[in-house]
Every structure is written in C-alpha cells, then in structure tokens.
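Per-entry structural report
As a plain string of letters, each chain reads:
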Amino acid sequence: MATLDEPAVAIDADKLNEFVFRAVDEVGATLNAALVVMGDKLGLYRALEGAGGLTPVELSRRTGVAERYVREWLNAQAAGGYVTYDPAAGTYTLPPEQAVALTDDSSPAYLPGFFQIALGSVLDSPRITEVARSGEGFGWHEHNHDVFDGCERFFRPGYNANLITEWLPALDGVVEKLEAGGTVADLGCGHGSSTILMAQAFPNSKFVGSDYHAGSIATARERAEEAGVADRVSFHAEPAAEHPGSDYDLVTMFDCLHDMGDPVGAARRVRQLLAADGTWMIVEPMAGDRVEDNLNPVGRAYYGFSTFLCTPASLSQDVGLALGAQAGPARIGDVVGAGGFGRFRTAAETPFNLVFEARP
C-alpha cells in the first residue's frame, strides 16, 4: 500500500493480464518437463516416431501403458505443440522434427536429458530453498538420480557432435599429440562420456578420468568396459585439486570448473599436472560477461540450473567461490590466470557451450 508520502502506482490492466497469461504458460511448461520425462521413460515418443497418426488406444497397446493415462498425456502434448492432433480421425502424430529432438539420442538436438536434469533439479528445490536461508551449500552427491542421469544425457549429444570434430581440432597441436599417443586427464568427468569418447577416437593415447562423486565413477567404469576402452582408460574418485600425476599433454574439464568450491586451487593443480607444452581445455556453459548479455532463453535455463545445482555445489565445498553457471569468459580467464597460466583464449563455441584453451 502507498503511504501518504508515496503516490499510488498506476497498474496497467493489459500488462497485468499479459503477465498472468504468460505465467499460466509457465506453469504448463513446468508440468511439461515432467510429462516429457514420463513420455521418454514409458517409451511413448519412441512408439509415436514414424508411426503416423495413432489413437490413444493404439499407443496404449504399443507401449503397455494404460489408455486413460496415455490419452491425458497426448492431450497435454498436443496443447504444447509437441504432437499434432487430428480431430476428425482422433489421432495424434509426432512430427519428424520433434521426433529427432525427442527420440534420436545421436542428435545434438536431443532433449530428454535436458528435461530430466531440469525435473531432478525441481524435485530437489525444497531442500535448496532451506539451505538458501543460511547460505549453506548442497553437494552434487546429495541430488537425486534424475540429476546425474539427466546431466549425462543432456551433455553427451553435444560432446558426440563437437568434441572430436570441432573442439579438439581448435586447440593448438593437441590432435597430433593424441594421434601419436598422449596422456590425458579428464577432471570432473562424471559418468565418463567425454573420457570414453576421446579414448575411442585416439586409441594410442592413455586417459584418466576423475570425479569427487564415487557413484559417478562407478558408472564410468562400467561404461568404459561396455565401450571396450578399459585397457586405456582408468577412473578414480577424487577432487580435481587432489588429482595425482604429472606431464599430461592435455587436461580437460567439461562443464564443471564453475561448480568447484576452489576453482583457483583446481587451476593451480592443473598447472602442476601439465607438461611444459601441455594444454588445458575448459568447456563451460555459454555466457557473456554481463548479466544483460545472458537475459535470453539459454541464459535463463542456465541461471535456473545455477541456482539449484551449480551455486549450491560450490558453496558446499571449501572456499565456496560460487562462480555460477553464467560466469562468463572474463571471470574464467581470471581464474585461469590466478592458477599460473600465461595464455588463455576462446577456441570454439556452440549455442550451449564455450570452449577455452589455456596454456602455461
């Protein structure tokens, strides 16, 4: 309420209504994240892919999911534009573009993992809300499995599309070293997707992946066995700042430097790990240096993840610098410089990532 000293603020009814209906759309989008994960886990999208128009009964029979649930799910998907509805035939169709994004896990446009990590973040939001009152942290290892699995499924298609063909070739002399037989440390490797992908591409090189989350390392070891690269890949559960070894030709960090409590300490350790002519490749979320640079759909998603995942993870560790997912090149460059590196540049980028090269 306005006081006697403050004039009442005029409310524009049209702007208010516009915002309310935008909020309604946001609620639908929030629910749709869970609906996409549901459709992915139940095989509904895969059953629709290439099938033409299906009725709820037909989709139910193909998937073994109860028809009444299928019908409501399809209607929600049609209202959101994920499937198309033919009123005359009573059928629902998954357009080919949506099929690529929702069923083809080899495509860089594959989205179910993005929705899964978002849903996992929302599921943990009550716990983050409580620690936010005190400023305490919430460790990565404390999250639910939708966060872990969704993270891998979101980032892996981008790595598959870009790591070998675009990102590594953008680094000075690195591909030649790996083809000849180099040594690589992949710090903060999670489930090991990036490590295994590099090992498959460069059979003459040796790779060590590490992550402080023991559960992720156990999964990474299983994945290396399945991929047939366990002879040249090893995984260890340890923080980046404690990684042993020296004279690595390449050290990599994929979407994890900003999550670390002490990124400067990690940078100093990387400097010690590298050979004199070694390279540190840092892959970070796409971001500009100013808040206003990031007020866009990608920045919005990353600020959300930063609130629920990245910032709490950093605050749960020693130092707790909490760079956040939208740190931007300048802040990452400051961290790299403080770690003792003399050269730093942006080597490549995608709509979702920035790839930096640091050299001694």
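Everything that follows concerns the structure shown earlier in this document.
One structure accompanies this document, and this report is about it. The structure displayed is predicted, hence computed values, not measured ones. (Residues numbered from 1 in each chain as written. Predicted model: local features only at pLDDT ≥ 70, side-chain atom pairs only at ≥ 80, totals over all residues. Heavy atoms only, no water.)

Our focus in this paragraph is the packing of helix α1 (residues 13–41) against helix α4 (residues 67–79). Contact geometry of α1 with α4 gives a least axis separation of 11 Å together with a crossing angle of 125°. By the angle between their directions, the pair α1 and α4 is classed as oblique. For the crossing formed where α1 meets α4, the hand is left-handed. Residues N32, L35, M38 and G39 of α1 lie in contact with α4, whose contacting residues are Y69, W73, A76 and Q77. Classifying every residue of the contact of α1 with α4 gives 5 nonpolar, 3 polar and no charged. (Axes fitted to C-alpha atoms, helices over the stretch in contact; angles between N-to-C directions. Helix = DSSP H or I, 4+ residues; strand = E, 2+ residues; numbered from the N terminus. Parallel < 35°, antiparallel > 145°, perpendicular 65-115°, else oblique. Left-handed = near helix turned anticlockwise from the far one by under 90°. Contact = heavy atoms within 4.5 Å. Nonpolar A, V, L, I, M, F, W, Y, C, P; charged D, E, K, R; others polar.)

With the rule as written, the count across this model stands at 16 salt bridges. Taking the shortest distance from any N to any O, the salt bridge between R127 and D124 comes out at 4.0 Å. Its relative accessible area of 41% is what places R127 among the partly exposed residues. Residue classification places D124 among the buried residues on the basis of a relative accessible area of 6%. The closest approach of N and O atoms between D293 and R290, which form a salt bridge, is 2.8 Å. A relative accessible area of 31% places D293 in the partly exposed class. Through salt bridges that share partners, D40, R46 and R153 make up one connected network. (Salt bridge = Lys/Arg side-chain N within 4 Å of Asp/Glu carboxyl O. Buried < 20%, exposed > 50% of the residue type's maximum accessible area, 1.4 Å probe, protein only.)

On to the nonpolar core, then. Within the largest apolar cluster, 41 residues are counted, with the highest numbers of intra-cluster contacts made by L163, W167, L168, F235, L250, F254 and M281. For this core, the element with the most residues is helix α8 (residues 145–167), which contributes 8 residues. Among all residues touching L163, those that are not within four sequence positions of it are G158, L168, P169, S194, L197, M198, F254 and M281. Core analysis: the second largest hydrophobic core is formed by 27 residues, M253, C256, V264 and V270 among them. (Core = buried A, V, L, I, M, F, W, Y, C linked by side-chain atoms within 4.5 Å.)

Positive phi, normally seen in glycine, also occurs at D255, with a value near 50°. Of note, D255 is situated in the loop between β6 (248–254) and α12 (263–273). Located in the positive-phi region is A322, a residue other than glycine, with phi close to 55°. Looking at the secondary structure, you find A322 in the loop between α13 (297–315) and α14 (328–338).

For the rest of this paragraph, the subject is the environment of A29. For A29, the position within the fold is in helix α1. As for A29 and G80, which are separated by 51 residues in sequence, their C-alpha atoms are 8.1 Å apart.

What follows concerns the pairing of strand β3 (residues 183–187). Of all the 5 residues making up β3, 4 are buried; the element is thus mostly covered by neighbouring parts of the structure. Both β3 and strand β4 (residues 206–211) contribute to a ladder of 5 bridges, which runs parallel. Bridging across to β4, V184 finds its partner in F207. Between β3 and its parallel partner β4, the chain crosses via helix α10 (residues 193–201), and the hand of that crossover is right-handed. (Pairing = 2+ DSSP bridges. Right-handed = clockwise from strand over helix to strand, strands pointing away.)

Let's shift gears to the sheet that holds strand β9 (residues 353–359). Read across the open sheet, the 7 strands follow the order β5-β4-β3-β6-β7-β9-β8; overall the sheet is mixed. The two strands at the open ends of the sheet, each matched to only one other strand, are β5 (233–237) and β8 (343–349). Geometrically, the sheet is characterised by an average inter-axis angle of 20° between neighbouring strands, direction not taken into account. Packing against the sheet, helix α11 (residues 214–227) makes contact with β4 and β5, and its axis sits at approximately 165° to β5.

Turning next to a nonpolar patch on the surface. A surface patch of nonpolar side chains, amounting to about 780 Å² of accessible area, comprises V9, I11, L16, F19, V20, F21 and V24. Take F21: it is sitting in helix α1. (Patch = residues over 30% accessible without salt bridge, like charges linked within 9 Å, V, L, I, M, F, W, Y side chains within 5 Å. Areas by Shrake-Rupley, 256 points an atom, 1.4 Å probe, with all protein chains shown as cover.)

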